[in-house]
Amino acid sequence: MYFCGLAWISLWTTIIDSFFLQKDIPIVIWFVLHFIFIAIAVLLYLLLMAYLTKGFVRLLLPRTWAYRQTFPYTVATNLWTFPLGMLLYQLGHHQIGVALLILGHFVYTLAPLWIARSPKPRASRKSR
C-alpha cells in the first residue's frame, strides 16, 4: 500500500516536472527517477515523523505504542498533507508547502491523540 501511494505521488510529480518544468526529458525517465528519490525521501520523512509521533504518544497517552503501531498511524496522518505540501512546494509556493507539511502533521497527529486522552463519560447503570 505504501508503494502505491509513492507511485501516485511520483506520477503527479512527474506530470508537473515533465509538462511544466522540463519538457525535453522523456516522461518514463522522469517517473523512474522521481519514484526512486521520492521513495527514499518519503520513507525517511515518515521515519522521522514516526519517532516524533511516538514521543507525542508517550507524552499524551497513558500507555506507549510499539513502533509497528506508530508507523501506520504516521502514514495515515500524512496522507493528505504530504502530497499537498509537496505539490505546493513544487509549484513555487515554498513557504506555504513547508508550513502545510509541518502544521498538517502536528494537527492530524495531536488532535486524535488529545481526543483519545480526554476522559470519556461513563454510562450509568440503572438499578432495577
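For the structure itself, look to the data block above.
No experiment lies behind these values; they were computed from the predicted model shown.

Visitor: An account of the overall build of the protein chain is requested, with residue identities and associated values reported.
Guide: A count of helices and strands for the protein chain gives five helices and zero strands. Secondary structure elements of the protein chain, listed N to C terminal, follow the sequence α-α-α-α-α. In terms of overall size, the protein chain is more extended than a compact globule, its C-alpha atoms giving a radius of gyration of 19 Å where 128 residues would be expected to give roughly 14 Å. Oriented by its inertia axes, the alpha-carbon framework of the protein chain measures out at about 80 × 30 × 25 Å. By the burial criterion, 30% of the 128 residues in the protein chain qualify as buried. Long-range pairs, those at least 24 residues apart, make up 59% of the contacts in the protein chain with a sequence separation of at least 6. Of the roughly 9400 Å² of accessible surface on the protein chain, 73% is carried by carbon and sulfur atoms.

Visitor: Run through the nonpolar core, naming residues and quoting values.
Guide: Nonpolar side chains in soluble globular proteins tend to be buried together. Residues Leu6, Ile38, Val42, Tyr45, Leu46, Phe71 and Phe82 are the most contacted members of the largest nonpolar core, which totals 13 residues. Of all elements in the fold, only α1 (2-21), α2 (27-60) and α3 (67-77) reach the threshold of two or more residues within this core. With seven residues, α2 is the largest single contributor of residues to this core. When neighbours within four sequence positions are excluded, Val42 is seen to be in contact with Leu6 and Phe82. Listed in part, the six residues of the second largest apolar core include Phe56, Leu60, Leu61 and Leu113.

Analysis parameters
Residues numbered from 1 in each chain as written. Predicted model: local features only at pLDDT ≥ 70, side-chain atom pairs only at ≥ 80, totals over all residues. Heavy atoms only, no water. Helix = DSSP H or I, 4+ residues; strand = E, 2+ residues; numbered from the N terminus. Rg over C-alpha atoms; globule rule 2.2 N^0.38 Å. Buried < 20%, exposed > 50% of the residue type's maximum accessible area, 1.4 Å probe, protein only. Contact = heavy atoms within 4.5 Å. Areas by Shrake-Rupley, 256 points an atom, 1.4 Å probe, with all protein chains shown as cover. Core = buried A, V, L, I, M, F, W, Y, C linked by side-chain atoms within 4.5 Å.

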